[in-house]
Amino acid sequence: MAKVTIDGIEVEVADGTTILNAARQIGGEVVPPAMCYYSSLKDTGGKCRVCLVKVTQGSAKDPRPMPKLVASCRTPVMDGMVVQNITSQEVLEARKGVVEFLLINHPLDCPICDQAGECDLQNLAYEHGAAKTRYEEDRRTFEKIDIGDKIKLHMTRCILCYRCTFVADQLTNERVHGVINRGDASEISTYIEKAVDNEFSGNMIDVCPVGALTDKTFRFKSRVWFTKPLDAHRNCDKCCGKVVLWTKGDDVLRVSARKDQYGEVKEYICNECRYDHKNMNDWTIEGPRHIDKHSVISQNHYEKIDMQKLKLDIERQIQFQKGKQLPETNQSPA
Ligand code: SF4
Ligand code: FES
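Each value, and the rule that gives it
Residues numbered from 1 in each chain as written. Chains lettered and ligands numbered in written order. Predicted model: local features only at pLDDT ≥ 70, side-chain atom pairs only at ≥ 80, totals over all residues. Helix = DSSP H or I, 4+ residues; strand = E, 2+ residues; numbered from the N terminus. Buried ≥ 20, exposed ≤ 12 C-beta atoms within 10 Å, placed from the backbone. Pairing = 2+ DSSP bridges. Contact = placed C-beta atoms within 7 Å. Axes fitted to C-alpha atoms, helices over the stretch in contact; angles between N-to-C directions. UniProt positions renumbered as here; feature names shortened; annotations may be inferred. Near = placed C-beta within 6 Å. Nonpolar A, V, L, I, M, F, W, Y, C, P; charged D, E, K, R; others polar. Arc of directions from axis to C-beta. Parallel < 35°, antiparallel > 145°, perpendicular 65-115°, else oblique. Left-handed = near helix turned anticlockwise from the far one by under 90°.

**Here we look at the overall build of the protein chain**
Check the secondary structure of the protein chain and you find seven helices and 14 strands. Per-residue burial over the protein chain gives 35% buried out of 334 residues.

Set out below in structure tokens:
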């Protein structure tokens, strides 16, 4: 075990734990943001640099500070290490610079982007970004393309975090897309005339931190904060079957995997659950999905949904489809 102090808070973690994961064990504001690291995908991290922290003491044995800021998602803790995240002005300035770099080519099209309201880059820019860009050169532009029949790629929005390629490598049996070219010319692409088409490919949409990969079955149907997310499950022989249904009235507009407080998928879901069961009756509804109160999605106060009424409404819909009628409920929705 190793003792590490982050922003003045001490925590004891297993040897080999990264600074980021040690901070996650403390929780709250101490946790650095992460745009490319994904705990359930092996070898992720080290690409975006938003998780930079300052190590003011390397270890108890060698208390010298590290000469440069380090990526917390890739740096293991040492016993006696002292780290600064939000208590270091240098870290906050560097993070602001990283956000400015990430936004050099990323369009500011949040008002029309499907990811708005649940975009990590939008949140990061809101907390750490500068109000104005200093960039005057031409931005990279790309045509939007379909990579598979259910996924749309907006390369202009991609921050090259590589998460989607790790999903394809580790969750599906054949990866047909990747990053081609180098440096400023890098882009996500499928091999010529190949389409992403396999049972777990939809998870690439969930791990994408921006709106580069979007669900074609949900695009432009609704702003995400106008929907009511509900936890639901079904028996599935391909995946855990535990999902979030993004609903409007009785309509299921989107099905996605459940995410934790760091926006990471808890259990990956198959494409059948994601795309082929857009009917409330296909699911056992558990209740409103808890969304962080800071998220714009929470502004709808959907967590006050009257579950009894919702269940009765679903029951009525089933009975209606069978040709029977149930009495009307007189309660109004929250
Ligand atoms: S498409 Fe999304 S998940 Fe894939 S590299 Fe770009 S930003 Fe990351
Ligand atoms: S989260 Fe650490 S470099 Fe991206």
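**Here's the deal with the sheet that holds strand β4 (residues 70–71)**
Across the sheet, which stays open at both edges, the five strands sit in the order β2-β1-β5-β3-β4 with mixed pairing between neighbours. Strands at the two margins of the open sheet, each flanked by one partner only, are β2 (9–13) and β4. The pairing of strand β3 (residues 52–57) with β4 spans two bridges and is antiparallel. Bridging across to β4, V53 finds its partner in V70. Where helix α1 (residues 19–26) meets the sheet, it contacts β1 (2–6), β2, β3 and β5 (81–84), and its direction lies at approximately 115 degrees from that of β2.

**A closer look at the UniProt feature "domain: 4Fe-4S His(Cys)3-ligated-type" (unreviewed entry) in the protein chain**
Under the present numbering, the feature "domain: 4Fe-4S His(Cys)3-ligated-type" (unreviewed entry) in UniProt falls on residues 90–129. Across residues 90–129, the secondary structure splits into 62% helix and 0% strand, with the terminal C-alpha atoms separated by 15 Å.

**As for the site of ligand 1**
Neighbouring residues of ligand 1: 14 residues in total, closest C158, C161, C164, C208 and A212. Taken together, the residues that form the shell around ligand 1 break down as 13 nonpolar, no polar and one charged.

**Digging into unusual backbone geometry**
Even without being a glycine, D43 presents a positive backbone phi close to 70 degrees. Inspection of the secondary structure puts D43 in the loop between α1 and β3. One non-glycine residue, Y162, lies in positive phi territory at about 75 degrees. Looking at where Y162 falls in the secondary structure, it is placed in the loop between β7 (151–153) and α4 (163–171).

**A closer look at the sheet that holds strand β6 (residues 145–146)**
Spatial strand order, β6-β7-β10: three strands in an open sheet with antiparallel pairing. Every interior strand has two partners, whereas the edge strands, β6 and β10 (213–215), have only one. Where β7 meets β10, three bridges bridge the pair, whose relative direction is antiparallel. Pairing of L153 across the sheet is with L213, part of β10.

**Some thoughts on α1**
Turning to α1, its buried residues are I19, L20, A22, A23 and R24. G27 occupies a position one or two residues after α1 and carries a positive phi of about 85 degrees.

**Regarding helix α2 (residues 89–105)**
Restricting attention to buried positions, one finds in α2 the residues V91, R95, V98, V99, L102 and N105. The arc enclosing the buried residues of α2, seen along the axis, measures out at 135 degrees, which places them on a common side. What points out from α2, more than 90 degrees from its buried face, is the exposed set Q89, E90 and E93.

**Description of the environment of M78**
By secondary structure assignment, the location of M78 is in the loop between β4 and β5. Note: C-alpha distance between M78 and V13 (65 residues apart in sequence) is 9.7 Å. Not counting residues up to four positions away in its chain, the partners in contact with M78 are A2, G58 and S59.

**Concerning the environment of H128**
Here H128 is to be found in helix α3 (residues 120–128). The exposure class of H128 is partly exposed, given the 18 C-beta atoms found within 10 Å. Residues H128 and V98, 30 residues apart in the sequence, show an inter-C-alpha distance of 9.3 Å.

**Examining the pairing of β3**
Across three bridges, the pairing between β3 and β5 is antiparallel. Looking at β5, one finds that K54 is bridged to Q84.

**Topic: the packing of α2 against α3**
Orientation of α2 relative to α3, taken along the N-to-C sense of each, is 135 degrees, at an axis distance of 10 Å. It follows from the interaxial angle that α2 and α3 lie oblique. You can see that α2 and α3 cross each other, and the crossing is left-handed. Contact residues: α2 offers R95, K96, V99, L102 and L103, while α3 offers L121, L124, A125 and H128.

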